[in-house]
Amino acid sequence: MQTLIHVVVLVAISVFAAFAKAEAPADPAALFAQHCARCHGADRLGQMGPALLPENLARLKPAAARTVIAEGRTATQMPAFGQVLSGEQIDALAKWIYTDTGEIPPWGEDRIRASRIVHVDDTRLPNKPVFDADPLNVFLVVEQGDHHVSVLDGDKMERIHRFASRYALHGGPKFTADGRFVYFASRDGWITKYDIWNLTPVVEVRAGINTRNVAVSEDGKVVAVANYLPRTLVLLDGELNLLKVIEVKDKDGKKSSRVSAVYDAAPRKSFVAALKDVPEVWEISYDPKAEPIAAGYVHDYQYQEGGFIPGYLNPRRTVLDDVLDDFFFTQDYTEVMGTARKTRRGQVVNLDIRRKVADLDISGMPHLGSGITWHWHGRTVMASPNLKEGKISIIDMADWKVLKEVKTLGPGFFMRSHEKSRYAWIDSMMSPSHHDTLQILDKETFEIVGQVREPGKTLAHVEFDRNGRYVIASLMEQDGAIIFYDASTWKEIKRLPASKPIGKYNVFNKTRLSEGTSH
Ligand code: DHE
């Protein structure tokens, strides 16, 4: 009898739920407040879950967003709402999260300071690694599939540790000079300081809502964060305490700009920032003895009539004719070779005399940020992949002439090599039919001499170990792998399972500014 009552009650509940599901109006704002706000924030700026704003969702197709709402996301806390909401309600929600919130959401000093989370006091932790591996031949691997980072022993090719990261890390993590600490940036603006030697997160802060990347000064005392949303460049100290929020506006203080990326220019003791929307390059000195900047060269709220302001932590502008939002430093860091994704024109800008000094004759969409250099017949050459065309442009850095355009299987993202290797490895990640192949370029002859392939899968982004013996590639699939190849024979040595691995970062190559990788 009791069982029968249970069945009747259950049937009644299901009928009611189905009825409620079908009848409930598809008011997306109300649905969001009821079901989503707890994790994604009532203002959609994100909390435990990521921010749900058009800028943050730019890389997710609306149909995919619908599937996530209906089916949830494995290996995360995102539940499936397919049983709770009707198809019409899910459609409405999936559409609504791509709508503008009206104005650029505030994320100023107070919110940044309030977001800081201290995990451990790193001064109390041992100042030596808790593992046996060579700490300079350690690799970090960002695994996007389930938002984790692996720490690999680059000699034994084994995993030392794996830990959960913030949602959607992007750009290269940046190491302190001794290789003990590393700073990660997530697309949602979270900056994490991690102690590699003690395998523990140290401190985190949310520096923006939609962030591009992070840079760390060579002395580890200043951390710079480039943001799209809000339009700010944020400066933090090494413990992620806020130093300064710089609103990014053009020299007249009228037009604001997103910051495409910020990089450390160690020999200049400064950060250099690429701006997306205004034709200026910014240099921000972290040298306390930096020369003062003439008034008018900083933005309006710091304007001082006829006077000078300190150069330290204040932007110095180079005003250009064209926007320059992707660039590559010359070896001595006096010049940047840059392009704009929109105008696709290349230019070389001298940071000392603060003006354009040459044009670059490269078509398509060269990905200069992913370029590498090497010595060739007494000169230094620079080569970069191209996001739009299947080619590598090799440029003589003495006169900026293109020496050769090497045809590849398709448009690609990354190119990597090592001082001790004759070869550079290139992916064709943007090609619909050849994203499964890595091609090998002979740096002496400028010819493609080999390839490795994982049929039908995406194989991209390599990094060499510190000695240039191994090349490690990402099999960028949900059930993917980190594949180790012999750098001379190109034969596979080993593979470790990984969840959609993206970038890999070797401590030695990154901290010693290897010419074969980005910094
Ligand atoms: Fe990146 C670095 C910009 C899409 C993976 N990417 C960078 C950097 C910039 C940049 C400016 C250098 C910052 C640094 O390392 O400090 N990336 C862009 C874009 O503008 C673009 C095309 C579009 C976007 O939405 O941002 C873009 N990037 C991607 C991806 O789709 C990739 C493949 C996967 C992902 O993570 O989103 C991707 N980007 C990477 C990686 C690096 C990177 C792995 C670091 C490379 C390195 O070896 O240092």
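Labelled according to an unreviewed UniProt entry, the protein chain appears under the name Cytochrome C oxidase Cbb3, originating from Nitrogeniibacter mangrovi.

Draft legend 1. Summary view of the overall build of the protein chain. When helices and strands are counted, the protein chain shows six helices and 35 strands. Rg of the C-alpha trace for the protein chain: 25 Å, near the compact-globule value of 24 Å for 519 residues, within the 12% margin. Each principal axis of the C-alpha atoms in the protein chain carries an extent, and together these give about 90 × 65 × 50 Å. For the protein chain, the proportion of its 519 residues judged to be buried stands at 55%. Expressed as a percentage of contacts within the protein chain between residues at least 6 apart in sequence, the contacts between residues at least 24 apart total 48%. With an accessible surface of roughly 22,900 Å², the protein chain has 53% of that area assigned to carbon and sulfur atoms.

Draft legend 2. Inspection of the site of the ligand at higher detail. Taken together, 22 residues surround the ligand, and among them Arg 59, His 170, Lys 174, Arg 416 and Ser 518 come closest. Between an oxygen atom of the ligand and a side-chain N or O atom of Arg 59, the distance comes to 2.6 Å. The side chain of Gln 144 places a nitrogen or oxygen atom 3.1 Å from an oxygen atom of the ligand. Every element with two or more residues in the shell around the ligand is listed here: strand S9 (210–216), strand S13 (259–265) and strand S35 (501–506). Here the shell around the ligand is composed, by residue class, of seven nonpolar, eight polar and seven charged.

Draft legend 3. Looking closely at the layout of surface pockets. As a volume, the second largest pocket reaches approximately 260 Å³. Lining the second largest pocket are 18 residues, with Arg 268, Glu 283, Ser 285, Ala 290 and Arg 316 sitting closest to its centre. Counting residues per element, the lining of the second largest pocket draws most heavily on strand S15 (residues 280–285), which supplies three residues.

Draft legend 4. Just empty space enclosed by the protein, in detail. Per the counting criterion, the structure on display carries one cavity of 30 Å³ or more. Put simply, the largest cavity is a space of about 50 Å³. Residue lining of the largest cavity: Val 142, Leu 169, His 170, Gly 171, Gly 172, Pro 173, Phe 184, Ala 185, Asn 213 and Val 214, and that is the complete set. Of all the secondary structure elements, the ones that give two or more residues to the lining of the largest cavity are strand S6 (181–185) and S9. Tallied by class, the residues present in the lining of the largest cavity amount to six nonpolar, four polar and no charged.

Draft legend 5. Inspection of the sheet that holds strand S28 (residues 423–427) at higher detail. Spatially, four strands are ordered S27-S28-S29-S30 in an open sheet, and the strand pairing comes out antiparallel. Unpaired on one side and paired on the other, strand S27 (415–416) and strand S30 (448–453) mark the two borders of the sheet. Bridge count between S27 and S28: two bridges; the pairing is antiparallel. Within S28, the residue paired with Met 415 across the bridge is Ile 426.

Draft legend 6. Spotlight on the pattern of salt bridges. Going through the model one piece at a time under the given rule, you end up with 32 salt bridges. Here Arg 111 and Asp 43 are joined by a salt bridge, their closest N and O atoms 3.3 Å apart. Of the two residues, Arg 111 is situated in helix H5 (residues 109–115) and Asp 43 in the loop between helix H2 (28–40) and helix H3 (62–71); the sequence distance between them amounts to 68 residues. With its nearest N and O atoms 2.8 Å apart, the salt bridge here joins Lys 356 to Asp 359. Here the salt bridges do not stand alone but share partners, grouping Glu 143, Asp 146, Arg 159 and Arg 162 into one network.

Draft legend 7. Spotlight on the confidence of the model for the protein chain. Counting all residues, the mean pLDDT for the protein chain is 90, and 92% of those residues have values of 70 or more. Segment residues 1–22: pLDDT under 50, and six contacts once partners within four positions in sequence are set aside and those in other chains are kept. Segment residues 299–303: pLDDT under 50, and 17 contacts once partners within four positions in sequence are set aside and those in other chains are kept. This prediction of the complex comes with two scores: 0.91 for pTM and 0.98 for ipTM.

Draft legend 8. Fine view of the sheet that holds strand S18 (residues 315–319). Spatial strand order, S13-S14-S15-S18: four strands in an open sheet with antiparallel pairing. Looking along the sheet, the strands with just one partner apiece sit at the ends: S13 and S18. Pairwise comparison of adjacent strand axes, ignoring direction, gives a mean angle of 20° for this sheet.

Draft legend 9. Up close: the packing of aromatic side chains. This model, assessed by the stated rule, comprises 13 aromatic pairs. Relative to Phe 184, the ring of Phe 163 has its centre 6.2 Å away and its plane inclined at 65°; by these criteria the two rings are edge-to-face. Note that Phe 163 is positioned in strand S4 (residues 158–164) and Phe 184 in strand S6, a separation of 21 residues in sequence. Assigned by exposure class, Phe 163 and Phe 184 land together as buried. Stacked on the ring of Tyr 228, the Lys or Arg Arg 258 has its end atom at 5.2 Å from the ring centre.

Draft legend 10. How the structure looks around unusual backbone geometry. In the segment running from Leu 229 into Pro 230, the intervening peptide bond is cis, with an omega of -15°. Tracing the sequence through the fold places Pro 230 in the loop between strand S10 (222–229) and strand S11 (232–237). Non-glycine residue His 147 carries a positive phi angle of around 55°. Locating His 147 in the fold gives a position in the loop between strand S2 (138–143) and strand S3 (148–153). Among the residues examined, His 147 registers a relative accessible area of 12% and is labelled buried. Of note in this structure, Phe 446 is not a glycine but carries a positive phi near 60°. Position of Phe 446 among the secondary structure elements: in the loop between strand S29 (437–442) and S30.

Criteria and cut-off values
- Residues numbered from 1 in each chain as written.
- Predicted model: local features only at pLDDT ≥ 70, side-chain atom pairs only at ≥ 80, totals over all residues.
- Heavy atoms only, no water.
- Helix = DSSP H or I, 4+ residues; strand = E, 2+ residues; numbered from the N terminus.
- Rg over C-alpha atoms; globule rule 2.2 N^0.38 Å.
- Buried < 20%, exposed > 50% of the residue type's maximum accessible area, 1.4 Å probe, protein only.
- Contact = heavy atoms within 4.5 Å.
- Areas by Shrake-Rupley, 256 points an atom, 1.4 Å probe, with all protein chains shown as cover.
- Near = heavy atom within 4 Å.
- Polar contact = N/O pair within 3.5 Å; in protein donor to acceptor, adjacent residues only side chain to side chain.
- Nonpolar A, V, L, I, M, F, W, Y, C, P; charged D, E, K, R; others polar.
- 1 Å grid on protein atoms, 1.4 Å probe; cavity = no way out; pocket = protein on both sides within 12 Å on 5 of 7 lines; lining within 4 Å.
- Points joined across faces, edges and corners; volume = space filled by probe spheres on them.
- Pairing = 2+ DSSP bridges.
- Salt bridge = Lys/Arg side-chain N within 4 Å of Asp/Glu carboxyl O.
- pLDDT = per-residue confidence, 0-100.
- Axes fitted to C-alpha atoms, helices over the stretch in contact; angles between N-to-C directions.
- Phe/Tyr/Trp six-rings, centres within 6.5 Å; stacked < 30°, edge-to-face > 60°.
- Lys NZ or Arg CZ within 6 Å of the ring centre and 35° of its normal.

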